Each structure stands twice: as structure tokens, then as C-alpha cells.
Amino acid sequence: MKEICIKVKCFNLKYTLECGQCFRWECIDENRYEYIGVIKDRVIKIRQDEENLYITSNKEENLREVVMDYFDLYEDYEEIEKRIALVDENVSNALKNTSGIRHLNQDFFETLISYIISANNNIPRISKSVKEISKRYGSKVIFENEEYYLFPTVEQLKNVSIKEYRECGVGFRDSYIYSTVHDFLDGKITYDDAKNMDTNDLKKKLLTLKGVGPKVADCILLFSCNRREVFPIDVWVERVMSLLYFKEMDGKVKKKDILEYAKTNFSDDAGIIQQHLFYNMREKMM
């Protein structure tokens, strides 16, 4: 199995894979920063050694391009980080701790279902449910003599019942997944929408899906539709924004005020700034 090497700048593999964007990666060697993940149509093993990424996969065809696209390596994050460091002292300080986070370009349908599962949930349980759905209904892949499963396509899920989703550990979200799969099958939401619709219109459409609230919609927009102006607010983001920007409100800040602040002050880089603030707060770096 051929290993390829990609030189990178302003990229931290650990931060990128562990900052809450995705649910299909497993760290297999903490000392070597090595991970195995199932993305799109293949399994990938990847590790970082300073400015080099070393990658192997069960599918070598266009592997470099797949990795470059998925990890957003075509973008100049040195320039992005220089720009956002000028926003204010809080962002600058957060950036010093978590430089190298990149936004992943994830599959729209998989991200949609995964983030419906994420509502009022934690990452280990989300990952377990996504893995179980993939094992039951996705295509099997053999990599280094181990079995892995791609996330199922909407067609592979068309006959799955609410009860069967419940058996995958998704809890009350079972009917939400069932409904969204059939909305996708019926064309209520499509891959073309994700690519072509205006961000506000796409968010409105996402909010018509069962189980998709404002935070879930924003995560889908940010992590699979490349809409970097959105600013998802979960408990960690609410906490860090209250601490850094709304001290005088004694913890009673409203989400609409946070969103307005982010829109006014973070502008088109709001989603990137959100990831740095979120990861700093969750990992107690600030």
C-alpha cells in the first residue's frame, strides 16, 4: 500500500480532527498524531510530522486530491489567521493556542444526519451511533485487514425504519433521521441546494427538516457547505462569548445578541473564529 506525503503549512491535524467538526476519526497513536477515518468513499490513515502529512488508504485513486479537498489544504490559512488575529485581542490570544485548525469539507448528507444525531448529545455517543448506522447500512471496506464501513447513501437508507434507527442508539432522533432521509429522497433538500443556494435561504430550508434547529443548521452550513460567515452557538460558544464579550451582562446574554455581535465584528470569518474560541474554551486554554 503506497504512502503519499503532502507538505502543509498552518495545519494542525490533532486540533482539526478533535475540535468537534466530525465524528468518523479515531486516534490510533497519540505520540505520532496518527488517525484513521472513514471519509466519503474511502478509509484513510493519516499522521502529521511537523510540516508533512503521511497518508495511506484502501483507495489510492486521486488520494492526494481527496485529502487536499477534505482538509481544505488549497486555502491559504496563514493569510486567514493573519487577518483574524487583527479582529481583537481575544481572537488573537485564542489563535496563539490553536493555530492550524482547518475547516473540513465534509459530505453534505452525512453531515446533515450526523448533526441531527448530535442534538443534546455528546461526541462519543454521536460517533458510536454514526458508526453503527454505517456498519448496518453502508458499504464495507477492507483496510489493513480490518473492516470499515462508509456512511450509507440516501438510497441505502430508503427502506430503514424508525425502529431500526432507534436500534443504532440515536434515541428520540430516530424519527428525525427517518423524516430527513425521505425528505432527501423526495427532493425537499438536495446536494445542489447545498452548493448553490444563498446561505440564508439554505438555512431556512434546513430549518424545515425535523430535528434541525438553528445550531444544527449552522453546523451543517459551516462544516459541509463552506459557509464561513455562520456562527454556531452551543454551550461552549455561549460560555466563551459571555466570558469575553458580555461580562457586564452577568451570564444572561441572549443568543441573538451573540449572533449580532459575531455578524458585526467577525463578518465573513465568523465560522473560523468560532472554532478557535470553541476549542480554547472546551480545552480550558483560556
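Residues numbered from 1 in each chain as written. Predicted model: local features only at pLDDT ≥ 70, side-chain atom pairs only at ≥ 80, totals over all residues. Heavy atoms only, no water.

A. Examining unusual backbone geometry more closely. Backbone geometry at Asn120 places phi at a positive 50°, although glycine is not the residue there. Here Asn120 is to be found in the loop between α5 (108-118) and α6 (123-137). Residue Asn120 is classed as exposed on the basis of its relative accessible area, which comes to 69%. The phi dihedral of Ser267 falls on the positive side, at around 55°, and the residue is not glycine. Note on placement: Ser267 falls in the loop between α13 (255-265) and α14 (270-282). (Helix = DSSP H or I, 4+ residues; strand = E, 2+ residues; numbered from the N terminus. Buried < 20%, exposed > 50% of the residue type's maximum accessible area, 1.4 Å probe, protein only.)

B. View of the nonpolar core. One finds Ile133, Ile177 and Leu206 to be the most contacted residues of the largest nonpolar core, which totals 38 residues. Of all elements in the fold, only α5, α6, α8 (174-185), α10 (199-206) and α11 (214-224) reach the threshold of two or more residues within this core. Ranked by size, the runner-up nonpolar core spans 29 residues in total, among them Cys19, Val91, Phe231 and Leu277. (Core = buried A, V, L, I, M, F, W, Y, C linked by side-chain atoms within 4.5 Å.)

C. Structural context of the pattern of salt bridges. The final tally for this structure, using the stated rule, is 21 salt bridges. The closest approach of N and O atoms between Arg42 and Asp41, which form a salt bridge, is 2.8 Å. Linking Glu144 and Lys45 is a salt bridge whose minimum nitrogen-to-oxygen distance equals 2.8 Å. With a gap of 99 residues between them, Glu144 in the loop between β6 (140-143) and β7 (146-149) and Lys45 in strand β4 (residues 42-49) connect regions that are remote in the sequence. (Salt bridge = Lys/Arg side-chain N within 4 Å of Asp/Glu carboxyl O.)

D. Geometry of α6. With 15 residues, α6 extends 21 Å from end C-alpha to end C-alpha; this agrees with the ideal 21 Å at 1.5 Å per step. Taken as a whole, α6 has its buried residues at Ile126, Ser129, Val130, Ile133, Ser134 and Tyr137. Taken down its axis, α6 places every buried residue within 135° of arc, on the same side. Among the exposed residues of α6, those oriented more than 90 degrees off its buried face are Pro124, Lys128, Lys131 and Lys135. For α6, the elements touching its buried residues are α5, β7, α7 (162-166) and α8. The backbone nitrogen of Arg125 has a side-chain oxygen 3.0 Å away, supplied by the residue at the start of α6, namely Asn122. (Expected span 1.5 Å × (residues − 1). Arc of directions from axis to C-beta. Contact = heavy atoms within 4.5 Å. Polar contact = N/O pair within 3.5 Å; in protein donor to acceptor, adjacent residues only side chain to side chain.)

E. Region of the structure containing a negative patch on the surface. On the surface, Asp49, Glu50, Glu51, Asp76 and Glu78 cluster together into a negatively charged patch. In this fold, Glu50 is placed in the loop between β4 and β5 (52-57). Judged by its relative accessible area of 70%, Glu50 is exposed. (Patch = residues over 30% accessible without salt bridge, like charges linked within 9 Å, V, L, I, M, F, W, Y side chains within 5 Å. Areas by Shrake-Rupley, 256 points an atom, 1.4 Å probe, with all protein chains shown as cover. Lys, Arg positive; Asp, Glu negative; His and termini not counted. Charge placed at Lys NZ, Arg CZ, Asp CG, Glu CD.)

F. Quick look at the sheet that holds strand β3 (residues 34-39). Here five strands make up an open sheet; going across it, the order is β1-β5-β4-β3-β2 and the pairing antiparallel. Sheet topology places β1 (4-7) and β2 (25-29) at the edges, where each strand pairs with a single neighbour. Across this sheet, the average inter-strand angle for adjacent strands is 25°, counted without regard to direction. Pairing analysis gives six bridges linking β4 to β5, with the strands arranged antiparallel. Each bridged residue has a counterpart across the sheet, and for Arg47 the counterpart in β5 is Tyr54. Of the strands in this sheet, β1, β2, β3, β4 and β5 touch helix α2 (residues 63-70), which is tilted by about 40° from β1. (Pairing = 2+ DSSP bridges. Axes fitted to C-alpha atoms, helices over the stretch in contact; angles between N-to-C directions.)

G. The packing of aromatic side chains, seen in detail. Scanning the model with the defined rule gives 19 aromatic pairs in all. Between Phe108 and Tyr191, the ring centres sit 6.1 Å apart and the planes meet at 70°, which makes this aromatic pair edge-to-face. Note that Phe108 is positioned in helix α5 and Tyr191 in helix α9 (residues 191-196), a separation of 83 residues in sequence. Here Phe108 falls in the buried class, since its relative accessible area comes to 3%. For the pair Phe109 and Phe151, a centre-to-centre distance of 6.1 Å together with 65° between the ring planes defines the contact as edge-to-face. In this pair, Phe109 is assigned in helix α5 and Phe151 in the loop between β7 and α7, connecting sequence segments 42 residues apart. What makes Phe109 buried here is its relative accessible area of 2%. Counting every residue linked through ring pairs, the aromatic cluster contains Phe108, Phe109, Phe151, Phe184 and Tyr191. One cation-aromatic arrangement involves Arg239 over Trp236; the distance from NZ or CZ to the ring centre is 4.7 Å. (Phe/Tyr/Trp six-rings, centres within 6.5 Å; stacked < 30°, edge-to-face > 60°. Lys NZ or Arg CZ within 6 Å of the ring centre and 35° of its normal.)

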